[in-house]
Each structure stands twice: as structure tokens, then as C-alpha cells.
Amino acid sequence: MKRPRGSLALRLTIWFLFLSFLPLAVLSTFVRDDAAAAFADLVKHYQQDEADLLADHIALLGDQVPLQSLLLDRHTAQQATFVIDGSGHYLARSDAGQVAGSIGNDFSKEVVQQILAGGSGSLIEQETGRIIGYANLPNQKATLIVVANPAVVAAPLSKIENSALLLLAVSLILVSIAGGGAIWVVVGRPLRQLTRIAEQISRGNWEIEANPADMNNELAVLAGTFNQMTRQFRTLIQGLEQNIAELTLAHAALRESEERFRNIVQSMPIGIHLFQQSSDGNVTLIAFNPAADRVLRGDQGRYIGKSLAQVMPPFLDANRLDKFRATAESGEAWQSEHVMLAGHQIVSAVVTDVFQVAPGKVMATYQDITERKRAEAEREKLIAELEAKNAELERFTYTVSHDLKSPLITIRGFIGYLEQDALNSNADRLKSDVKRISDATSKMRQLLDDLLELSRIGRLMNPPQEVSLYELAREAVELVAGQIVQRGVQVEIDPQLPVVYGDHARLIEVLQNLIDNAVKFMGDQPEPKIVIESQVKNGETVFSVRDNGIGIEPRYHLKVFGLFDKLDVQSAGTGIGLALVKRIIEVHGGRIWVESDGPGKGSAFCFTLPLKSSLLPSTGV
Amino acid sequence: MPNEPMLVMLVEDNPDHAELVVRSFDNHPIASRIVLLSDGEAALDYLLRRGKYTDPSQSPRPHMILLDLRLPRVDGLEVLKAIKESAALRPIPVIVLTTSDADNDVMQAYLHYANSYVVKPVGYDQLVKLMQDLGSFWLGWNIAPRV
């Protein structure tokens, strides 16, 4: 607060002094003028007396003493005397001036006129201040003039003036002291106190209070009101300060919280879209977070302010638009999951959650679950593989135990009969029974060898290499050339057969087995023929070994690949051939199946193989 | 039933095992005749009187069937199922005679209404005893309806 110049108390005092000075000054002027006038009258009166006395004196002495010398006797420094005739010419004079002149030379016109009017009187000359008394000389037609020097009255006059001034000064001093003091006590001090308090308050010191006991009358009331006001202000300010402190804390907390949430939203891996529905029902994007760019694969900034249909990720179809709008209106939350595939590969997967955050405000979150989906798919694939492996292993154990037990029963059974044969001396039967036992042991050994071979396939693989299937087929045909020639089979190999990736020796085994099988089950076909070719089906290359032999009924199509399963008991071999083929193909990451329209229609063994290096890790049985 | 010749049908793909079973029935007091079929299809042809068994005189009904489970062409279980689905064949006791003692095989056999399930013993004495006992029980003690 700007402090005003000058204090009220001081101004009051000045005004008081000024106002009290005026009447005093007027008073003292009048007193002085009155005193001066009275003094002048007195002096004139005296001068006239002086003139009358001198005139009488002259009349007494008349003719005895010359007029001139009489005047000279009366001459003083203070007073000069003149005698003039009726026309104003000097008859005599006490000073050294010319007697020959008239009074017009020495006195003013007014003085001359009054004196020449006759009689006696007195006056004061305006211009010089000389006091002039005059009287007629009775026995002569002459007039006596007595002139007193103004200096005679000057001293007493100045004394009177000085007294008047002194009086004024003393009065002023007394009035100042008394008035100023009174003002000081009655108004100044309380005002100063109030001013001080006001200053303190303006500096923020609300604790200070005025003391009304120091004052009286209206100022006391003012001070009391002042105190009450400061108290109220104090309470108000304390309340305000507390409110402000609370607000400041709340604001800081709010800012901190907002900052925290912003950081979370900015750094969270879940993409966010915030939509707002305007009054016309339009739903537009108003905010998003960096994760949205990543999950939705593209800068979302270009969609700000755009309508839902433009912003909508491509995986959400038109149906979802309506659901979005419904959420904006009803607040109904929903979730959907989208997996984008390229063939069997998961390109991306997103879980979308849509919910209302406030009336007309809809939030959509996009969670990238690609890795999870891939892992799930991988896990399911592995589980399926594992289950298949497990089932295979179970079948394998079952088969092995059954097939190995079978010759054992034969051996033990016929050993029992050997004794009988010996007792009965039945040499023929003895011989045949021994042969049965011997055959069974051979069978057993063969089975064990086959099992060993089968278990080796997984473990003993040569490093994969590029193999021309055409060359492979030719080599395989060479290996079974004996049977082929014997049965007169015509073999056709497609020279366009592609290059595959795998174990050369094992793949020869596959083709050798398949060709061998085809020859074996030619039946009574008069023009036996085997075709080895490949064709592309559903994006993969399928190889086939086709024959025009006896064919296989559809119900046996799976069974032919079973371990030790033989469709024809009489046929040679243990029945491991196709199981072995299947195992080799599967270890290469391929599949094998048989196609045949039934008995007499021929059959085709089809299989796939990796064309590039994508061999599965080898696994044992 | 005495004096009536009892016919046993043996469905077995392994000729050695078949020979062992046949020999076990030698000198059996009740089982006098055995008909051997080496695969499931042949067995069904015989029982359903089709193919080369269309003449009923060539395919008399057996009084007991000894059925192996692992058979070429038509599986033992398929044969069992066909028998039990046929009203004419259903009363014939079917005894599953196999090398397998797998729980699943036992369960599947009974689910397809096998009348009995026995595992081929490894050992001459046991095998002979089993066959004697089976014959005595199913052809002697057991009463089956005439078919």
C-alpha cells in the first residue's frame, strides 16, 4: 500500500494554525491602525495647542520684540515656526529659509488651502507626515504656523506597531502550542496508532490490534470496529490460507497422480484408443497411446478426430461398429479376439476390450497376444505330436510284446510235444516239431532285428543333403531289379522328379520298400507296371509310387503301415516294411498314406518330403 | 448231449499255435472235431455261410469258438462283433484266445460280448491243461442253446 504524503494530524494542525492566524492578524492590524490614529489626533491636538499658546505669547509681547527673533527663540530641531500674511507670504520664519517666498513653496496644496481658510487648527501633511498646527494672530492680519518634524511621532508609532506584532506572535505561539497539542492528543495519536496498525496489517501482520482505551469518542468506535474487522479478517484469512494449503496439497497430489497415470498409460504395452461420441452421435478418436501404434501396426496420430469407421482396425468388421456405438450409449462392455493367419502361420493376434469410461466416452484396448497365440498353437501342436507319439509307443509296446510272445508260445509248446514224440518214437513228428521250434526262433530273431532297425531310424540318420529323387528312384529300382525282371514289371520314373532334402540312404530304403511291395502284390496282373512321379497338391509336392496290382481295400489303408501287420499271412516278410517306410518319412517331417480304389484297382503309396532344409530334430523311438 | 459230436471252431492265423491247440484237444472226451480258419474273413465267411461256405452242410455250426484277436484282414474283434450281432450266431460261446493280456483288449472283448477271455500260456503243460479245461467247461458243464 502506498503511504500518503503528509499526515492528517499535521494537516489538521496547519489548517488550525492558519485559521486561527487570520483573525489574530486582522485584529492586530485594526489595533495598530486605531492606536496610530489616536496618536495622530493627540499629536494634532497638541500641535494646535502649541500654535495657540505661541499666538497668545506673540500677542502679549507684540510690538516689544521683533517677530523674527521671537520665532528664532522658539526654534528647535523638532519644530519650526512660520508666520504668514493673509495671502500666504512669509512674514517671518524660524528656519533658515527665504522669507521672501510663500508657503506654496514649502507645503502641499491641501495644507495651503486649509491654512489660508483662516482660524486655527491642525493637520498632518499626507506626503511628508509633518504635523502642522496653525492659529490667527489676533492683532495682526497674520497666521502662525507651527510645524513639527514627523520623526517626533515615528518613534512612538513604531513602538505601538512592535507591540502589536509581538502580541500577534505570542498569541500565535500560544494558540499553536495549545491547539496543536490538543489536536495531537485527541486525533493525532489515535490516528497514528491506527495508521501503524493499518501498515502492519498491510504487511500481513494480522495479529496486531488497536487499543481503544488509548482513545475516546468516534476514534475508539473506529478502533473497535477496526479490531473486529481485523479479527474477522484474521479468521477469514486463516480459513483461506488453510483452504489454499489444502487445495495446493490436493492439486499437487492430483498432478502427481495424473503424471503417474499418464506414465502408466504411455508405457503400458496395451494399446489404447479413446473415442468420444458427439451430440450428433458421431464417434471420433480423441486420444491414443504409443502402444496402440505398435499393436495396431501404424501411426494412430493420423486418426485423431477421425470417425470410428476410419479408425477401426481392419480386423474389426462392420458388426463391431454397431457394438462400439452401443457401448458409447449403453456402456455395455465387450471383448473380442482376432487371430490373423497366413496359411497355418499366426501373423498376429489381438484381444480387443471395449468399455465405457464416462458417458459418451468409449475406450478400446488392444492387447497383442500374437506370441501367446503362437505359443499356444505350438503347444497344441506339440501336445498332439506327443499324444500321437505316445499312442504310437503304446501300440509299439503292445505289438512287440504280442509278437515276441507268439514264437515263445510256439517254442515252449512244441518242446513239450518233443518229449511225447520221443516216447512214442514218432520220428517224423519229432523232426517237424523241431523244425517248428527252429523256425520260431528264427522268426523271433528276425523280429528283434526289425525292431532294432526301426529304433535306429530316429537315432542313426545321416546328415541331410540335397537328393535328386529321380536318381534315388533309379538306384532303388536297381536294388530290386531281380524281382522286377522276374515278374516282368515295367517301371516308369518321371524325370521331372524334384530335388528333396534328406538322408540319402534312408530315402533309398523307402523307395526300395515301396517298389518291392508293389512288385510283391502285383497279383495276376498280365501287364504289371509301376509309376514313380510327383505332383503339386494344395501347395505341397506329393510323391507317389503307383502300381496296377491287387489294390487294398479302404479299411486296410491305415492298417498297412502298422508294425508287423500283414494283410496276407502267406506273404513273405515280418510286416515291418511299411512301418519302417512310415517311420523314415515321418522322421523327415513328411507324411505317407495309401490311395487305392479297392481290390484289383491297383494302389498308390503317396508321401511328402521337405523340399528345403526343414528337417525336424531326430527323435528316437 | 452225450454221443453228439461236439464241433470246435478255431480262428488262428499262426499255424504253429493252431497245431498246438489242435493237439491239446487230442483224446479229449468231448471235443471231437475242430475246424480251423486262419483269418477273420474266412471265419466270417464260414459262420455267415458265404463265399465258399454257402452250403450249410459244409459249414456246420460250431459249439464253441476259440478266437484270436490279432488276425489278418478282419480283426478278431470285428469277427466277435459280427457274431454277436447275428441272432443265429449269438448263442455260440466265444472264447477269446490270445497272446495279449492288455486291459484294453480284455475290456473291448467283453464290450463286444465275448463269453470268456483267456491268454495263451507260455508252456506246454499249462497249454494242454487250459484246453482240456476249456473243453470240459464249455462243452461239458456249460449248457448252451441249440443252434
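Above this text you will find the structure in question.
This text gives an overview of the structure that appears in the document.

**A look at the packing of helix H9 (residues 370-423) of chain A against helix H1 (residues 15-24) of chain B**
Following both chains from N to C, one finds H9(A) and H1(B) inclined at 40°, their axes separated by 9 Å at the closest point. Relative to H1(B), H9(A) is oriented oblique. When you trace H9(A) past H1(B), the crossing you get is left-handed. The segment H9(A) lies against H1(B), with Ser406(A), Ile409(A), Thr410(A), Gly413(A), Phe414(A) and Tyr417(A) engaging Asp16(B), His17(B), Glu19(B), Leu20(B), Arg23(B) and Ser24(B). In terms of residue class, the contact of H9(A) with H1(B) is built from 4 nonpolar, 5 polar and 3 charged.

**Considerations on unusual backbone geometry**
Notably, Arg297(A) is not glycine yet its phi reads approximately 55°, a positive angle. Residue classification places Arg297(A) among the exposed positions, given a relative accessible area of 54%. Phi at Tyr113(B) takes a positive value of approximately 65°, unusual for a residue other than glycine. Secondary-structure assignment places Tyr113(B) in the loop between helix H4 (103-111) and strand E5 (116-119).

**Considerations on the nonpolar core**
One broad rule of soluble globular proteins: the nonpolar side chains tend to lie buried together. Ranked by internal contacts, the top residues of the largest apolar core, which has 70 residues, are Ile515(A), Ile530(A), Ile532(A), Phe607(A) and Ile65(B). Counting residues per element, this core draws most heavily on helix H13 (residues 504-520) of chain A, at 8 residues. Core analysis: the second largest hydrophobic core is formed by 28 residues, Tyr124(B), Val128(B), Leu130(B) and Trp138(B) among them.

**Some remarks on empty space enclosed by the protein**
Summed over all chains, the structure comprises 1 cavity of 30 Å³ or more. Surrounding the largest cavity, Ile409(A), Glu12(B), His17(B), Leu20(B), Val21(B), Leu97(B), Lys120(B) and Leu127(B) form its lining. It is H1(B) that provides the largest number of residues to the lining of the largest cavity, a total of 3 residues. Along the lines of polarity and charge, the residues of the lining of the largest cavity split into 5 nonpolar, 1 polar and 2 charged.

**Details of the interface of chain B and chain A**
Each partner contributes to the interface: chain B provides 29 residues, whereas chain A provides 28 residues. Summing the contributions of chain B and of chain A, the shared interface buries around 2500 Å²; its carbon and sulfur component is 50%. When the buried surface of chain B facing chain A is broken down by residue, Arg23(B), Arg70(B) and Tyr124(B) rank first, second and third, together holding 31% of it. If you look at where chain B meets chain A, you find 4 salt bridges. A salt bridge links Arg436(A) to Glu19(B), with the shortest nitrogen-to-oxygen separation between them at 4.0 Å. Where chain B touches chain A, the interface holds 11 residue pairs in polar contact (both at pLDDT 80 or more). At the level of elements, H1 and helix H5 (124-141) of chain B are the ones that each hand at least two residues to the side of chain B that touches chain A. Sorting elements by how many residues they give to the side of chain B that touches chain A places H1(B) first, with 7 residues.

**Points about the sheet that holds strand E6 (residues 271-277) of chain A**
Residues and elements named next belong to chain A. Strands sit in the order E7-E6-E10-E9-E8 across an open sheet of 5 strands; the sheet is antiparallel. Looking at strand neighbours, the two that pair on one side only are strand E7 (283-288) and strand E8 (334-342), the edges of this open sheet. When the angles between neighbouring strand axes are averaged without regard to direction, this sheet yields 25°. Alignment of E8 against strand E9 (residues 345-358), held across 9 bridges, turns out to be antiparallel. Opposite His-338, over in E9, you have Val-350 as the bridge partner. H9 contacts E8, E9 and strand E10 (361-368) of the sheet and is inclined by roughly 130° relative to E9.

**Quick look at a nonpolar patch on the surface**
Residues and elements named next belong to chain A. Together, Met-229, Phe-233, Leu-236, Leu-240 and Ile-244 make up a nonpolar patch on the protein surface, roughly 450 Å² of accessible area in all. Relative to the helices and strands, Leu-240 is located in helix H5 (residues 217-267). Classification of Leu-240 by relative accessible area gives partly exposed; the value is 43%.

**Describing the pattern of salt bridges**
Counted under the stated rule, the structure contains 27 salt bridges over all chains. For Asp433(A), the salt bridge is made with Arg23(B), and the minimal N-O distance between the two is 2.7 Å. Residue Asp433(A) is found in helix H10 (residues 427-459), and its partner Arg23(B) is found in helix H1; the two belong to separate chains. In this pair, the class of Asp433(A) matches that of Arg23(B), namely buried. Residue Lys120(B) is joined to Asp68(B) by a salt bridge in which the shortest nitrogen-to-oxygen separation is 3.6 Å. On the criterion of sequence distance, the pair formed by Lys120(B) in the loop between E5 and H5 and Asp68(B) in the loop between strand E3 (64-67) and helix H3 (76-85) is long-range, its members being 52 residues apart. Per residue, the accessibility class of Lys120(B) equals that of Asp68(B), and both read buried. Linked by salt bridges that have partners in common, Asp433(A), Arg436(A), Asp16(B), Glu19(B) and Arg23(B) make up one network.

**Let's talk about the packing of aromatic side chains**
The full count for this structure, using the stated rule, is 8 aromatic pairs over all chains. Considering the side-chain rings of Tyr417(A) and Tyr124(B), the 4.7 Å spacing of their centres and the 80° angle between planes classify their relative orientation as edge-to-face. Note that Tyr417(A) is positioned in helix H9 and Tyr124(B) in helix H5, a pairing that runs across two chains. Residue class for Tyr124(B) comes out buried when judged on its relative accessible area of 15%. Ring-pair connections join several aromatic residues into one group, and the members of that group are Phe82(A), Tyr90(A) and Phe107(A). Sitting above the plane of the Tyr90(A) ring, Arg93(A) keeps its charged end 4.5 Å from the centroid.

**Structural notes on the sheet that holds strand E5 (residues 142-148) of chain A**
The strands making up a sheet associate through hydrogen bonds between their backbones, and the pairing can be parallel or antiparallel. Residue and element names in this part refer to chain A. With antiparallel pairing, 5 strands are arranged side by side in an open sheet as E2-E1-E5-E4-E3. The sheet is open, and its two edges are formed by strand E2 (90-93) and strand E3 (121-124), each paired on a single side. The sheet shows a mean angle of 20° between the axes of neighbouring strands, taken without regard to direction. Alignment of strand E4 (residues 131-137) against E5, held across 7 bridges, turns out to be antiparallel. Across the sheet, the residue bridging to Ile-131 is Ala-148, located in E5. Sitting on the sheet, helix H1 (residues 8-61) touches strand E1 (79-85), E3, E4 and E5, and the angle it makes with E4 is about 30°. Against the sheet, helix H3 (residues 109-116) makes contact with E1, E3, E4 and E5, and its axis sits at roughly 25° relative to E4, the strand it touches most.

Reading the values: rules and limits
- Residues numbered from 1 in each chain as written.
- Chains lettered and ligands numbered in written order.
- Predicted model: local features only at pLDDT ≥ 70, side-chain atom pairs only at ≥ 80, totals over all residues.
- Heavy atoms only, no water.
- Axes fitted to C-alpha atoms, helices over the stretch in contact; angles between N-to-C directions.
- Helix = DSSP H or I, 4+ residues; strand = E, 2+ residues; numbered from the N terminus.
- Parallel < 35°, antiparallel > 145°, perpendicular 65-115°, else oblique.
- Left-handed = near helix turned anticlockwise from the far one by under 90°.
- Contact = heavy atoms within 4.5 Å.
- Nonpolar A, V, L, I, M, F, W, Y, C, P; charged D, E, K, R; others polar.
- Buried < 20%, exposed > 50% of the residue type's maximum accessible area, 1.4 Å probe, protein only.
- Core = buried A, V, L, I, M, F, W, Y, C linked by side-chain atoms within 4.5 Å.
- 1 Å grid on protein atoms, 1.4 Å probe; cavity = no way out; pocket = protein on both sides within 12 Å on 5 of 7 lines; lining within 4 Å.
- Points joined across faces, edges and corners; volume = space filled by probe spheres on them.
- Buried area = accessible area lost by both parts, 1.4 Å probe.
- Salt bridge = Lys/Arg side-chain N within 4 Å of Asp/Glu carboxyl O.
- Polar contact = N/O pair within 3.5 Å; in protein donor to acceptor, adjacent residues only side chain to side chain.
- Pairing = 2+ DSSP bridges.
- Patch = residues over 30% accessible without salt bridge, like charges linked within 9 Å, V, L, I, M, F, W, Y side chains within 5 Å.
- Areas by Shrake-Rupley, 256 points an atom, 1.4 Å probe, with all protein chains shown as cover.
- Phe/Tyr/Trp six-rings, centres within 6.5 Å; stacked < 30°, edge-to-face > 60°.
- Lys NZ or Arg CZ within 6 Å of the ring centre and 35° of its normal.

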